[in-house]
Amino acid sequence: MAYVGRLGDDEEGRFCLQRLKDFDVSTKFIDIIPGGKTPIAYVFITADSGARSIIYERNALPKIEIDSKIEDLSQQAAVVLLDPEVTYLGGPLKKITGGNVKVVYDCERWRPGIEDMMQTADYFIPSSEFLTADELSLNALSFGEKILKLNAAIIGTLIVTHGEAGAYYVTDETLYHMPVPDVPAVDTVGAGDNFHAAFALAIRRDFDLHRAVKFSVAVASLSCRQHGGRNGIPTWDEALKVAGTLTPKSIATISNV
């Protein structure tokens, strides 16, 4: 596993770099920017519910440029998980690999280049908040209709995360809902990121879509049981066990909407 990105040569950048190394993630594709400032997120947790609010610093580091090292890495990769900001990388990565790499896109909100990513990503994964973006003009529709309308606008597979309500996805002309397991939420920080990472891993392990979403919902839910986005992350066996208790429910068929 390798991380591609840019960090500042500051204390925060050194911290991020060391944490990646601590978990055996290859850091040789990370550029350290002299004088650069690593952006920080400030997280506020609601004690009663575990819900969180996040204030982000603007990322002022230079955009990632695809060089020969990244080209070589992408040609070896089976799955690439793209951060919300890098909408400009999906198309080039597909071209370099001849379409052989599976692109999973973590869609945080509407941003420049999102329409290109909607036509590039193999798996487009927004949160339910994305459905309310003014640019989509979906606010007059029901929740299920919003998902199906967005599904018609993208080229790949759509999975919509919906917090404590689980996730929704479309396959075989059917909209499915995957509920969450019964896990007391202490801290929801990182739940979305853990969902995306788990999904990318599941696709790499050749899970079908139903099983991949089950696994991802299980990982994200279990990660909320302790403070900190990492402390509650389950083991592989634990995640599979909990995923095995989940059953998707058919919500609607595309032909009937």
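Above this text you will find the structure in question.
Remember, predicted model here, so these are calculated numbers, not experimental data.

*Asks:* I tried to follow a negative patch on the surface on my own but got confused; where do I start?
*Replies:* Together, Glu65, Asp67, Glu71 and Asp72 make up a negatively charged patch on the protein surface. When you line up the elements, Asp67 lands in the loop between strand E4 (52-56) and helix H2 (68-76). We classify Asp67 as partly exposed; its relative accessible area is 30%.

*Asks:* Got a minute to help me understand the pattern of salt bridges in this structure?
*Replies:* For side chains of opposite charge, pairing can occur when their charged atoms come near one another. Evaluated as defined, the whole model comprises six salt bridges. A salt bridge links Arg6 to Asp31; the nearest nitrogen and oxygen atoms lie 3.3 Å apart. Here Arg6 is found in strand E1 (residues 5-8), whereas its partner Asp31 is found in strand E2 (residues 30-33), with 25 residues between them in sequence. The class of Asp31 is partly exposed, set by a relative accessible area of 28%. Note that Arg225 and Glu238 form a salt bridge whose closest N and O atoms lie 2.7 Å from each other. With a gap of 13 residues between them, Arg225 in the loop between helix H7 (209-222) and helix H8 (236-243) and Glu238 in helix H8 connect regions that are remote in the sequence.

*Asks:* Teacher, can you tell me more about the packing of H7 against H8 here?
*Replies:* When two helices pack together, their arrangement is given by the angle between their axes and by how far apart the axes lie. Between H7 and H8, the least distance of the axes is 8 Å, while the angle of their chain directions is 115°. The angle between the axes of H7 and H8 places the two elements in the roughly perpendicular class. Between H7 and H8 lies a crossing of right-handed hand. In this structure, H7 contributes Arg211, Lys214, Phe215, Ala218, Val219 and Leu222 to the contact, and H8 contributes Trp236, Glu238, Ala239, Leu240, Val242 and Ala243. Taken together, the residues of the contact of H7 with H8 break down into nine nonpolar, no polar and three charged.

*Asks:* Explain the side chain of Thr38 here, please?
*Replies:* Following the sequence through the fold, Thr38 ends up in the loop between E2 and strand E3 (41-45). The class of Thr38 is buried, set by a relative accessible area of 3%. If sequence neighbours within four positions are ignored, Thr38 has contacts with Leu7, Gly8, Asp10, Glu12, Gly13, Cys16, Glu57 and Leu61.

*Asks:* Any chance you could explain unusual backbone geometry here in plain terms?
*Replies:* Generally, phi is negative for residues other than glycine and the peptide bonds are trans, each holding for most cases. In this model, Asp24 sits at a positive phi of 60°, which is unusual for a non-glycine residue. Among the structural elements, Asp24 can be located in the loop between helix H1 (11-22) and E2. Here the phi dihedral of Glu173 falls at roughly 65°; this positive angle occurs in a residue that is not glycine. Here Glu173 shows up in the loop between strand E9 (167-171) and strand E10 (174-178). Residue classification places Glu173 among the exposed residues on the basis of a relative accessible area of 53%.

Reading the values: the criteria
Residues numbered from 1 in each chain as written. Predicted model: local features only at pLDDT ≥ 70, side-chain atom pairs only at ≥ 80, totals over all residues. Heavy atoms only, no water. Patch = residues over 30% accessible without salt bridge, like charges linked within 9 Å, V, L, I, M, F, W, Y side chains within 5 Å. Areas by Shrake-Rupley, 256 points an atom, 1.4 Å probe, with all protein chains shown as cover. Salt bridge = Lys/Arg side-chain N within 4 Å of Asp/Glu carboxyl O. Lys, Arg positive; Asp, Glu negative; His and termini not counted. Charge placed at Lys NZ, Arg CZ, Asp CG, Glu CD. Helix = DSSP H or I, 4+ residues; strand = E, 2+ residues; numbered from the N terminus. Buried < 20%, exposed > 50% of the residue type's maximum accessible area, 1.4 Å probe, protein only. Axes fitted to C-alpha atoms, helices over the stretch in contact; angles between N-to-C directions. Parallel < 35°, antiparallel > 145°, perpendicular 65-115°, else oblique. Left-handed = near helix turned anticlockwise from the far one by under 90°. Contact = heavy atoms within 4.5 Å. Nonpolar A, V, L, I, M, F, W, Y, C, P; charged D, E, K, R; others polar.

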